[in-house]
Each structure stands twice: as structure tokens, then as C-alpha cells.
Amino acid sequence: VNETIEINDFVINPGLRVDYFNFNLTDDLNDSLSGNRSAVKFAPKLNLFYNISNKTQVYIKSGIGFHSNDARVAVNVPDQQTLPSAYGLETGTSFSAGNAIIGISLWSLFLESELVYVGDEAVVEPSGKTERIGLDFTGRYQFNDWFWADLDLNYAKGKFLDEPDDANRIPLAPVLTSAGGLSVKLIN
């Protein structure tokens, strides 16, 4: 369920998503790890936008979701929530100037349970609460009707919240990521 309310240059966008999961796991190597677990998750969101002009917008986006990407954890870790909550908040701006579109945002993400990959066993395991803060930059430039460039730069700093400062790094969590490219449209 999603609604967009426009009041002059101000836009309010509340929403609610409901997810139902049924994890049905069959482990052919160890039947004691097989099982079934279900969960329902309500995920509200609230986004606020203000159009400063037809070329510039500022926004605040917030929402609650979930973090679970492995049925083995959902089924086999009895003390673990099936769908641990994820709380996100982002504020930023996007604007256009000539043939360029630029976006900058600052965000934070809190996870009730981080899933960490254990390479020796080829599994993931719940490892505690985490928090990430980040800064994103997006740039797009259109040279003409058929040729344009794009660039995304993302910086994130994450940490475990229940660990001492000298041992709170999240294993394998990227700090800096980027993507970019050139696109050509050959057919109209």
C-alpha cells in the first residue's frame, strides 16, 4: 500500500509493505538441519520530498524492512529472529544543470542481526547488531541523444554495536564501492 500526497512543492509518500515468508529447507547431507519456519513482516516507510525548483529536490526517506538472506539461519538458529529488522534513514538532494544530473545523499542503516559468511564451513551465521553510515554520489551526463555517461561512488562505514571499538569491524563489508559506464543508444 503506497500513497503520494502533493501539496504545492512538498510531496509526502507513506507506505506499508507486508511480506510473508515460508522457509522450507531440505538438507540432503544432514536431515537434522532440515525444517520449516514461517514469518510475517510489516515494513512501513515514510518519504518526504521538497521541490526547491523544477531542477532541484531535497528529500528525507525512512523505512523499516528486514534482513535475512539464508534459509539455514531462519530454520536452524532457534534464538534468531526469522526476519530481523533493518531500519534505514536517508537524506539528500538531486539537481540537474544543463545535461548533467547530480545526486548526493547521507544515510544510515541499523540491522538487528548481521549475517556474516564463515568461509571454512560455507555458511552464514548471525553475529549481532550493526550500524552503517554512508555517503553516496551519483552523476549522469548526456552528451547528445545517443551517448551518455554515469558514475556512482559510495562510501560506507559499518560496525558491530555490541563489540569493543578495537574489534567491531564487519568482516567483508566494503567501505568504498563504485560503478560507472558509457552508454550508447544505437536504435531509435
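Provided above is the structure to which this section pertains.
Rules of the game
- Residues numbered from 1 in each chain as written.
- Predicted model: local features only at pLDDT ≥ 70, side-chain atom pairs only at ≥ 80, totals over all residues.
- Heavy atoms only, no water.
- Helix = DSSP H or I, 4+ residues; strand = E, 2+ residues; numbered from the N terminus.
- Buried < 20%, exposed > 50% of the residue type's maximum accessible area, 1.4 Å probe, protein only.
- Contact = heavy atoms within 4.5 Å.
- Areas by Shrake-Rupley, 256 points an atom, 1.4 Å probe, with all protein chains shown as cover.
- Lys, Arg positive; Asp, Glu negative; His and termini not counted.
- Charge placed at Lys NZ, Arg CZ, Asp CG, Glu CD.
- Phe/Tyr/Trp six-rings, centres within 6.5 Å; stacked < 30°, edge-to-face > 60°.
- Pairing = 2+ DSSP bridges.
- Axes fitted to C-alpha atoms, helices over the stretch in contact; angles between N-to-C directions.

(A) The overall build of the chain, seen in detail. Scanning the chain from N- to C-terminus turns up one helix and eleven strands. Listed N to C, the secondary structure of the chain is β-β-β-β-α-β-β-β-β-β-β-β in terms of helices and strands. Principal-axis analysis of the C-alpha atoms places the extent of the chain at approximately 60 × 45 × 35 Å. The buried share of the chain, taken over its 188 residues, is 26%. Counted over contacts in the chain with a minimum sequence separation of 6, partners at least 24 positions apart contribute 53%. Accessible surface, the chain as shown: approximately 12,300 Å² in total, 56% of it carbon and sulfur. Taking the 14 positively charged and 24 negatively charged side chains of the chain as two groups, their mean positions are separated by 6 Å.

(B) Representation of the packing of aromatic side chains within the structure. In the structure shown here, the tally under the stated rule is seven aromatic pairs. Summarising the aromatic geometry, the rings of Phe-21 and Phe-23 are spaced 5.7 Å apart at their centres and angled 10° between planes, so their arrangement reads as stacked. The class of Phe-23 is buried, set by a relative accessible area of 11%. Residues Phe-21 and Phe-66 carry aromatic rings whose centres are separated by 5.1 Å and whose planes lie at 75° to one another, so their mutual orientation is edge-to-face. Pair noted here: Phe-21 is in strand S2 (residues 10-25) and Phe-66 is in strand S4 (residues 56-66), with a separation of 45 residues, a long-range link.

(C) Structural detail: the sheet that holds strand S10 (residues 147-160). In space, the nine strands of this open sheet follow the order S1-S2-S3-S4-S5-S6-S9-S10-S11, with antiparallel pairing throughout. Both edges of this open sheet fall to strand S1 (5-7) and strand S11 (176-184), since each of them pairs with a single strand only. When the angles between neighbouring strand axes are averaged without regard to direction, this sheet yields 15°. The sheet contact formed by S4 and strand S5 (residues 85-97) spans eleven bridges and is antiparallel. The residue bridging Gly-63 from the neighbouring strand is Gly-88, located in S5.

(D) Structural detail: the environment of Tyr-141. One can find Tyr-141 in strand S9 (residues 130-142). Classification of Tyr-141 by relative accessible area gives partly exposed; the value is 37%. For the pair Tyr-141 and Gly-63, spaced 78 residues apart in sequence, the C-alpha separation works out to 30 Å. Other than its neighbours up to four places away in sequence, Tyr-141 contacts Asn-99, Ala-100, Trp-148 and Ala-149.

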